[in-house]
Amino acid sequence: MDMDQGPPAKRAMKKDLLQRLSEGVVVGDGGMIWTMEKRGYANCGFTPEAVVEHPDAVLQVHREFVHNGAEVTQTCNFWSPHIEDETVQGVSVNKAACDIALKAASEGEDILVAGSITKTQAYERGDGKEVIQTEFRRQLEFYVENNFDFVVAEVS
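Residues numbered from 1 in each chain as written. Predicted model: local features only at pLDDT ≥ 70, side-chain atom pairs only at ≥ 80, totals over all residues. Heavy atoms only, no water.

Some points on the nonpolar core
If you look at the biggest cluster of nonpolar residues, it comprises 18 residues, and the most contacted ones within it are Met 32, Met 36, Val 51, Val 58 and Cys 76. For this core, the secondary structure elements donating two or more residues are helix H2 (32-38), helix H3 (50-53), helix H4 (55-67) and helix H5 (90-107). (Core = buried A, V, L, I, M, F, W, Y, C linked by side-chain atoms within 4.5 Å. Buried < 20%, exposed > 50% of the residue type's maximum accessible area, 1.4 Å probe, protein only. Helix = DSSP H or I, 4+ residues; strand = E, 2+ residues; numbered from the N terminus.)

As for unusual backbone geometry
Backbone geometry places Asp 110, a non-glycine residue, at a positive phi of 60°. Residue position: Asp 110 is located in the loop between H5 and strand E2 (112-118). Its identity as a non-glycine residue notwithstanding, Asn 147 has a phi of 55°, on the positive side. The residue Asn 147 is located in the loop between helix H7 (129-145) and strand E3 (150-154) in this model.

Some points on the sheet that holds strand E1 (residues 72-74)
Across a sheet, paired strands are connected by hydrogen bonds in the backbone, their directions being either parallel or antiparallel. The parallel open sheet is built from three strands, whose spatial order is E1-E2-E3. Every interior strand has two partners, whereas the edge strands, E1 and E3, have only one. Ignoring which end each strand starts from, the neighbouring axes of this sheet average 30° apart. Strand direction decides the pairing type here: E1 and E2, joined by three bridges, are parallel. When the bridges of E2 are listed, Val 72 appears paired with Leu 112. Most of the contacts of H7 go to E2, to which it runs at about 160°, and overall it touches E2 and E3. (Pairing = 2+ DSSP bridges. Axes fitted to C-alpha atoms, helices over the stretch in contact; angles between N-to-C directions. Contact = heavy atoms within 4.5 Å.)

Some details on the pattern of salt bridges
For the structure shown, the criterion picks out 10 salt bridges. Among the ionic pairs, Glu 23 bridges to Lys 15, the shortest N-O distance being 2.9 Å. A residue is classified by how much of its surface remains accessible, and Glu 23, at 55% relative accessible area, is exposed. The partner of Arg 20 in a salt bridge is Glu 71, and the shortest N-O contact between them spans 3.4 Å. Of this pair, Arg 20 sits in helix H1 (residues 17-23) while Glu 71 sits in the loop between H4 and E1, placing them 51 residues apart in sequence. Put simply, Arg 20, Glu 71 and Asp 110 are held in one network by salt bridges that share partners. (Salt bridge = Lys/Arg side-chain N within 4 Å of Asp/Glu carboxyl O.)

Right, here's the structure in full:
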């Protein structure tokens, strides 16, 4: 995947999440990490680095979910704010995850895009409300900048 192109500039109008929910069940593309593990691209459960190390494989899994009926692509970046690796930083993971999810959605018809935010360790450390809110805002920036349709709050 050519990551230099970035996400599509403008996305077509489509039914939003609430409209879809009022009509029935909405199917998402969950199970990304499990699928990546089974294909040998990730291990240990929380490996969002796959979006940087194997972007074509992640895009292919998104495509397969959409081809099989998913109406939502979700960024594959669970736990990325906590990456301390010197070679793959959380920011590059988040950007790649956004670009890939947007590309997969643009290839389908009427596909929503969801961002993933994860719990913050600041709460467990007792860092206080302002620090916690700052960490959540930082996670949300990519989704706001890219006009994502909604956000999924994940926990482990």
